[in-house]
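# Examination of the molecular architecture
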Amino acid sequence: VQLQASGGGLVQPGGSLRLSCAASGSIFSASTMAWYRQAPGKQRELVATISNGGIPNYADSMKGRFTISRDNAKNTVYLQMTNLKPDDTAVYYCWASILPVRGQWDTYWGQGTLVTVSS
């Protein structure tokens, strides 16, 4: 099982980006999926989670500007980010709890995608 994140890049303050993270491999089921981020010199922090049923939860500081969603048929999680600020500059990582076709529930990380907010 692998998670492949994409969609990062350079954006001006106030702009928007949509991140995607696709899980691939022999997947039987994906439970909670999430996005984290790690800014330079800081610890990794939770951005948002989403349940298999599509129920989102956000870190308090992310509410209102970020929207997490998922497509269960594609085993893909998305993060729509709006009104981006320089403080949102970070590497964004996706995370998922997955049951492989053969194996047990386990958690997986994507490789990270860099978001830079700068004028």
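Residues numbered from 1 in each chain as written. Predicted model: local features only at pLDDT ≥ 70, side-chain atom pairs only at ≥ 80, totals over all residues. Heavy atoms only, no water.

## Points about the state of the cysteines
Rules: Only a pair of cysteine sulfur atoms within 2.5 Å counts as a disulfide in this structure description. A run of H or I in DSSP counts as a helix once it spans at least four residues, and a run of E counts as a strand once it spans at least two, with each numbered from the N terminus.
Under the criterion given, the structure shown has one disulfide. Paired by a disulfide, cysteine 21 and cysteine 94 hold their sulfur atoms 2.0 Å apart. Its S-S torsion of approximately 55° makes the covalent link between cysteine 21 and cysteine 94 right-handed. Note that cysteine 21 is positioned in strand β3 (residues 17–24) and cysteine 94 in strand β9 (residues 90–100), a separation of 73 residues in sequence.

## Regarding the pattern of salt bridges
Operational definition: Every case where a carboxyl oxygen of Asp or Glu lies within 4 Å of a side-chain nitrogen of Lys or Arg is listed as a salt bridge. For every residue, the accessible area (1.4 Å probe, protein chains only) is compared with the maximum for its type, and the residue is labelled buried under 20%, exposed over 50%, or partly exposed between those bounds.
What the rule picks out here adds up to four salt bridges. Measuring nitrogen to oxygen at the nearest pair gives 2.9 Å for the salt bridge that ties arginine 37 to aspartate 88. Of the two residues, arginine 37 sits in strand β4 (residues 27–38) while aspartate 88 sits in the loop between β8 (76–81) and β9, which places them 51 residues apart along the sequence. Among the residues examined, arginine 37 registers a relative accessible area of 8% and is labelled buried. For aspartate 88, a relative accessible area of 2% translates into the label buried. A salt bridge links aspartate 88 to arginine 65; the shortest N-O distance between them is 2.7 Å. Linking aspartate 88 in the loop between β8 and β9 with arginine 65 in the loop between β6 (56–58) and β7 (66–71), this pair joins segments that are 23 residues apart in sequence. Assessed through its relative accessible area of 13%, arginine 65 is described here as buried.

## Quick look at the side chain of threonine 76
Rule in force here: What qualifies as a polar contact is a pair of N or O atoms within 3.5 Å, subject to a donor-acceptor requirement within protein and to the restriction that residues adjacent in sequence count only when both atoms come from side chains. Working rule for contacts: check all heavy atoms of both residues, and any pair within 4.5 Å makes them a contact.
Position of threonine 76 relative to the elements: it lies in strand β8. Given the relative accessible area of 7%, threonine 76 is considered buried. Side-chain polar atoms of threonine 76 contact the backbone oxygen of lysine 74, separated by 2.9 Å. What threonine 76 contacts, discounting residues up to four positions off in sequence, is Cys21, Ala22, Met33, Ser69, Arg70 and Asp71.

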